[in-house]
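Structural description and commentary
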Amino acid sequence: MMNVDLSNLSQPLLLSCPTCGVKFHALRQCRRCGTELSELMRTAHLAWKWRDTARKSLLQGRFDDAWKQAGVAQTLQKTDFGELLLQLAKCGLTRLR
Ligand SMILES: [Zn+2]
């Protein structure tokens, strides 16, 4: 059986500038090319909040809620952790049926 630690929600996620591709974290404007990054940061933050909500739902055994919440997070921003949350919620739902 796989052990997964859901107590902590991963380290800050590096994003890529859509214009030049440079990696960044918590910037409003790209240091290399000057592209405005606020909207990208806002979307990433919203996705993070949905992943955190899904994580909490999983820990409480609310798999249906977790599945929906992780799905919203993945729609906003695909991450490996979001995919893991989706798969765990799906496993939980399968076991309940
Ligand atoms: Zn850039």
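Now for a look at the structure at hand. Values in this document were obtained by computation on a predicted structure and should not be read as measured data. (Residues numbered from 1 in each chain as written. Predicted model: local features only at pLDDT ≥ 70, side-chain atom pairs only at ≥ 80, totals over all residues.)

Quick look at the environment of Cys20 now. Tracing the sequence through the fold places Cys20 in the loop between strand S1 (15-16) and strand S2 (23-24). Between the C-alpha atom of Cys20 and that of Arg32, which follows or precedes it by twelve residues, the distance is 7.6 Å. Not counting residues up to four positions away in its chain, the partners in contact with Cys20 are Cys30, Arg32 and Cys33. (Helix = DSSP H or I, 4+ residues; strand = E, 2+ residues; numbered from the N terminus. Contact = placed C-beta atoms within 7 Å.)

Tracing the backbone through its elements, the reader meets Thr94 in helix H3 (residues 80-96). Between the C-alpha atoms of Thr94 and Phe63, which are 31 residues apart in sequence, the distance is 9.4 Å.

Here helix H2 (residues 63-76) is 14 residues long and its end C-alpha atoms lie 20 Å apart, about the 20 Å a rise of 1.5 Å per residue gives. Those residues of H2 not exposed but buried are Ala66, Trp67, Gln69, Ala70 and Ala73. Tucked into the core, H2 has its buried residues touching helix H1 (38-59) and H3. (Expected span 1.5 Å × (residues − 1). Buried ≥ 20, exposed ≤ 12 C-beta atoms within 10 Å, placed from the backbone.)

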